[in-house]
Amino acid sequence: MPIGSLGRSKSGRHRDAEEPQQAETSHDEELTSYLAALAPDADNETTASGFGSAQVYQLRLQLMANEQLKELAAERQTSPQALATEWVMQRLEWEARQRGH
């Protein structure tokens, strides 16, 4: 594959540069849809108020732990991400109580 063909049209201009308004709108809609799908089914006020200041962490689990997390999440009718987040929040709350905060 020629190097010049990556992300560029035959005219040499970047594809997004040809229709910036449409590409930006499409990207925003995709991002909004993606974020809505990831958000836990919780009170909208809670989700909206905490989401803007949230930090994203990547979690790597061994295959068996990952499968167990998926199974437990399915039993609870939630996503593995939401269940892991809930557990981390519970643990942080417990740790804070242990430290007397």
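Residue positions are given per chain, counting from 1 as you read along its sequence in written order. Residue-level local features of this predicted model are given only where pLDDT is at least 70; pairs of side-chain atoms are given and counted only at 80 or more, and the full residue set underlies all totals for whole chains, interfaces and linings. Heavy atoms throughout the structure, all of them, feed into the side-chain values; hydrogens and water do not.

Caption draft 1: Spatial organisation of the overall build of the protein. When you go through the protein residue by residue, the secondary structure sums to 5 helices and 0 strands. The classification of residues rests on relative accessible area computed with a 1.4 Å probe and restricted to protein chains. Under 20% of the type maximum is buried, over 50% is exposed, and intermediate values are partly exposed. Buried residues in the protein amount to 6% of all 101 residues. Only the protein chains shown count as cover for residues, with accessible areas throughout obtained via the Shrake-Rupley method and a probe of 1.4 Å. For the protein, the computed accessible surface area is about 9,400 Å², with 53% contributed by carbon and sulfur atoms. A helix here means a DSSP run of H or I that spans at least four residues, while a strand means a run of E at least two residues long, and both kinds are numbered starting from the N terminus.

Caption draft 2: Structural view of a nonpolar patch on the surface. Like charges within 9 Å and nonpolar side chains (Val, Leu, Ile, Met, Phe, Trp, Tyr) within 5 Å are joined into patches, using only residues over 30% in relative accessible area that form no salt bridge. A side-chain nitrogen of Lys or Arg and a carboxyl oxygen of Asp or Glu constitute a salt bridge if their distance falls within 4 Å. On the surface, a cluster of nonpolar side chains totalling about 290 Å² of accessible area is made up of Leu31, Tyr34 and Leu38. Summarising the element assignment, Tyr34 is placed in helix α2 (residues 20–38).

Caption draft 3: Spotlight on helix α5 (residues 80–98). Helix span, as expected, comes to 1.5 Å for every residue beyond the first. Relative to the 27 Å expected for 19 residues at 1.5 Å per residue, α5 spans 27 Å between its end C-alpha atoms, a close match to the ideal helical length. Considered for burial, the residues of α5 that qualify are Ala82, Leu83 and Ala84. Packing partners of the buried residues in α5 comprise α4 (63–75). At the C-terminal side of α5, Gly100 shows a positive phi close to 80°. Whether two residues touch is decided by their heavy atoms; if any such pair falls within 4.5 Å, the residues are in contact.

Caption draft 4: Geometry of unusual backbone geometry. Unusually for a residue other than glycine, Gln77 sits at a positive phi of about 55°. Along the chain, Gln77 turns up in the loop between α4 and α5. Its relative accessible area of 75% is what places Gln77 among the exposed residues.

Caption draft 5: The arrangement of α4 in detail. Spanning 13 residues, α4 covers 18 Å between terminal C-alpha atoms, matching the ideal 18 Å at 1.5 Å per step. In the segment just after α4, Gln77 is the residue with positive phi, at about 55°.

Just distances and angles here, no functional claims.
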